[in-house]
Amino acid sequence: MAEKYEDSKIYRLRHSAAHVMAQAVLEKFPEGKVAIGPPIEDGFYYDFDLPRPLTPEDLEEIEARMREIIKNNSPFIREEVSADEARKIFKDQPYKQELIDGLEEGKVDEHGNPVEEKPVISIYKSDEFVDLCRGPHLESTGQINPKAIKLMNVAGAYWRGDEHNPMLQRIYGTAWLSPKDLKQYLWRLEEAKKRDHRKLGRELDLFSVSENVGAGLVLWHPKGAMIRHLVERFWQDEHLKNNYSFVNTPHIGKSDLWKKSGHLGFYAENMYAPIDIEEQQYFLKPMNCPFHIEIYKSDIRSYRDLPMRYAELGTVYRYERSGVMHGLMRVRGFTQDDAHHFCAPSQMPEEIDFVLSFSLHMLRSFGFDEINAYLSTRPEKAVGEPERWHAAEAALEESLKRAGVDYEVDEGGGAFYGPKIDLKVKDAIGREWQLSTIQFDFNEPERFDMTYIEEDGQAYRPYMIHRALLGSIERFFGVLIEHYGGAFPIWLSPVQAKIIPIADRHVDFAKEVAMELKSAGLRVEVDDRSDRMNAKIRDAEKAKIPYMLVVGDREMEAGQVDIRRRSGERLGAMQVEAFKALAVKDVAEKVEG
RNA sequence: GCCGAUGUAGCUCAACGGUAGAGCAAUCGCCUUGUAAGUGAUAGGUUAUGGGUUCGAUUCCCAUCAUCGGCUCCA
């Protein structure tokens, strides 16, 4: 069993580094106010209310001062105090006063998180600095390795994370046990930068976002659109194999529909302003479900029709606040790989089993092997019968167990209309991304009065399950780019092989080879520029094309191609037919090479 | 939306209160090449947009738009 982060030395180290930083900041700005400063993943931060914005030069100064404080090697001394004593000690610190009030009431800890027992109020002293703090800390500042800390950046953050509160300045820092660990962490950041889908999107000419079109609206370039096409084609094939029906629905719908579905009530802030058409108001769709429900309701449904599975690559538009857009990950117009399942209560557990295993199959097909699940259950405020909630939650949990997926339960974390499972994948450098979501909906079937006729001739309410496996095609593409660092598996590569003639006299032969490979469904291009072979190889490498096929006098003579992989590996010369078979096999087996 | 930073050629970046330059890419030549950059020339910019200050603004100021790092929110 791994040690909990909260109990580890590195946690105490980061917490201690936060105190040292706060001291350095207060020395520079004696009138500054301090808020809170906890350890976080990979480091720590501290929030301050300061008279002016901090600059990168300030950070350097603060970091240098931190090293001096560390050198003093002063001990961290813990003291327990009464609330009144604490108030006296922090008399010039309004944020600390607020925290002390909270501690005295006994409902929250010094970070504002709810706690069971009324906490003891403790303070920690080190060098010239005193902080309201639960600890724990290192024994002394000298235990911090001055060469293993680094201040990263400054950012705004609301006091207690509430946007109605004042905006503070948050300094992020990182701290490690050894300089080697710090170096490795910085290397990881560099690596993540290299894989940034926004950078690769430009370099590989996959997509762009134009200021002239609008923020958060993605333009898919030919190579990106090819990958999207391949993803969608695979997605469609798999859905057809699994008894889905495809539906297609429009981009706008009348206001009455959205009133009925409830979206104008609980989702209005994410919807765009209405469009007036012949004195009726229409809204851009933020979701596809009301349309799918209308299709369901276009006829009387029998128990014999169930389960029904409606799938659509449905493009939706959601208003996102201006500061939140991020490449492909967070956009204003996107296509969900959406589907709605309608089933009878008796079919429900089996239907969940299917959706979960189908979801895992889909994610694994794209090279995501590490998948974690999050089960969110009934919140305080919820619609729908409690029995249905329980049955649904049980089905979700049982299904996760059967599938052998690691999961965490988020009690009360479900939406008001139903419990859900979210699946997160780990990418090649260990970052988690949320993709799939499987959610029950107890709201819309009621609002639309959806029914089916049972054997007994009576009308019953079906279960409705809403799911997206890839999430959105845009986000999924972004994750895919970062996961593979732009070097897509062969079946997804927009160009699978680049044919490189050594001299102009080999171009005709190269084109013949290209024709031959294209006839097998391979995506190949001939680099017929009069450049040197070395330059052509360099360009193909930079484009991360899986195979480079060099053809010169020798190959032309023998009807061969000389093969180089993008890894630099040389496979030597082989017959065109042999390469064709090799590449076709790579595609079928989804080889990553 | 909020806090902070940024916006100069297709890309990466210089420079400057007196109307801008490099490398790569592009175009046109020459070279005809054996596994990551051959070579010469040419072209390319109302310095994001709109105001203001100034004799003069791309540079200083304001607003808007967009991007980046975060916060809040989320597929």
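Right above here is the structure, for reference.
Residues numbered from 1 in each chain as written. Chains lettered and ligands numbered in written order. Predicted model: local features only at pLDDT ≥ 70, side-chain atom pairs only at ≥ 80, totals over all residues. Heavy atoms only, no water.

Colleague: Which parts of the structure should I look at to understand the sheet that holds strand 4 (residues 77-80)?
Modeller: Strand pairing in a sheet takes place through backbone hydrogen bonds and is either antiparallel or parallel in direction. In space, the three strands of this open sheet follow the order 4-5-6, with antiparallel pairing throughout. At either end of the open sheet lies a strand with only one pairing partner, and these are strand 4 and strand 6 (129-132). Sheet twist, expressed as the mean angle between neighbouring strand axes with direction ignored, is 25°. Bridge analysis of strand 4 against strand 5 (residues 122-126) gives four bridges, and the strand direction is antiparallel. Each residue of the ladder has a partner; that of Ile 77, found in strand 5, is Lys 125. In this fold helix 1 (residues 9-28) packs onto strand 5 and strand 6, with an angle of close to 120° to the strand it touches most, strand 6. (Pairing = 2+ DSSP bridges. Helix = DSSP H or I, 4+ residues; strand = E, 2+ residues; numbered from the N terminus. Axes fitted to C-alpha atoms, helices over the stretch in contact; angles between N-to-C directions. Contact = heavy atoms within 4.5 Å.)

Colleague: Looking at this structure, I do not really get the protein's contact with RNA strand B. What am I missing?
Modeller: In the vicinity of RNA strand B lie 52 residues, with Asn 153, Tyr 158, Arg 330, Arg 538 and Asp 562 positioned nearest. With respect to RNA strand B, the side chain of Arg 202 contributes an N or O atom lying 3.2 Å from a phosphate oxygen. Within the contact set of RNA strand B, a base nitrogen lies 2.8 Å away from a backbone nitrogen or oxygen of Val 331. If you list the elements that add at least two residues to the surface near RNA strand B, you get strand 7 (149-158), strand 8 (167-175), helix 6 (197-203), strand 23 (463-472), helix 16 (533-542), helix 17 (553-558) and strand 27 (560-565). If you tally residues by element for the surface near RNA strand B, the top one is helix 16, at six residues. A breakdown of the residues in the surface near RNA strand B according to their chemical character gives 18 nonpolar, twelve polar and 22 charged. (Near = heavy atom within 4 Å. Polar contact = N/O pair within 3.5 Å; in protein donor to acceptor, adjacent residues only side chain to side chain. Nonpolar A, V, L, I, M, F, W, Y, C, P; charged D, E, K, R; others polar.)

Colleague: Help me understand the environment of Lys 71, please; the structure alone is not making it clear to me.
Modeller: Mapped onto the elements, Lys 71 comes out in helix 2 (residues 56-72). For Lys 71, a relative accessible area of 71% corresponds to the exposed category. The spacing of Lys 71 and Thr 141 is 70 residues in sequence and 7.5 Å in space, taken between C-alpha atoms. (Buried < 20%, exposed > 50% of the residue type's maximum accessible area, 1.4 Å probe, protein only.)

Colleague: What's the story with the pairing of strand 27 in this structure? I'm lost.
Modeller: Look at any regular strand and the pattern is simple: side chains alternate between the two faces of the sheet. Where strand 26 (residues 547-551) meets strand 27, four bridges bridge the pair, whose relative direction is antiparallel. The partner of Val 550 across the bridge, within strand 27, is Asp 562. Pairing analysis gives five bridges linking strand 27 to strand 28 (residues 570-575), with the strands arranged antiparallel. Within strand 28, the residue paired with Ile 563 across the bridge is Gly 572. Joining the antiparallel neighbours strand 27 and strand 28 is a turn of four residues, in which Gly 568 adopts a positive phi near 100°.

Colleague: How should I be thinking about a negative patch on the surface in this particular structure?
Modeller: On the surface, a cluster of negative charge is contributed by Glu 408, Asp 410, Glu 411 and Glu 432. Looking at where Asp 410 falls in the secondary structure, it is placed in strand 18 (residues 407-410). On the basis of relative accessible area, Asp 410 is assigned to the partly exposed category, the value being 39%. (Patch = residues over 30% accessible without salt bridge, like charges linked within 9 Å, V, L, I, M, F, W, Y side chains within 5 Å. Areas by Shrake-Rupley, 256 points an atom, 1.4 Å probe, with all protein chains shown as cover. Salt bridge = Lys/Arg side-chain N within 4 Å of Asp/Glu carboxyl O. Lys, Arg positive; Asp, Glu negative; His and termini not counted. Charge placed at Lys NZ, Arg CZ, Asp CG, Glu CD.)

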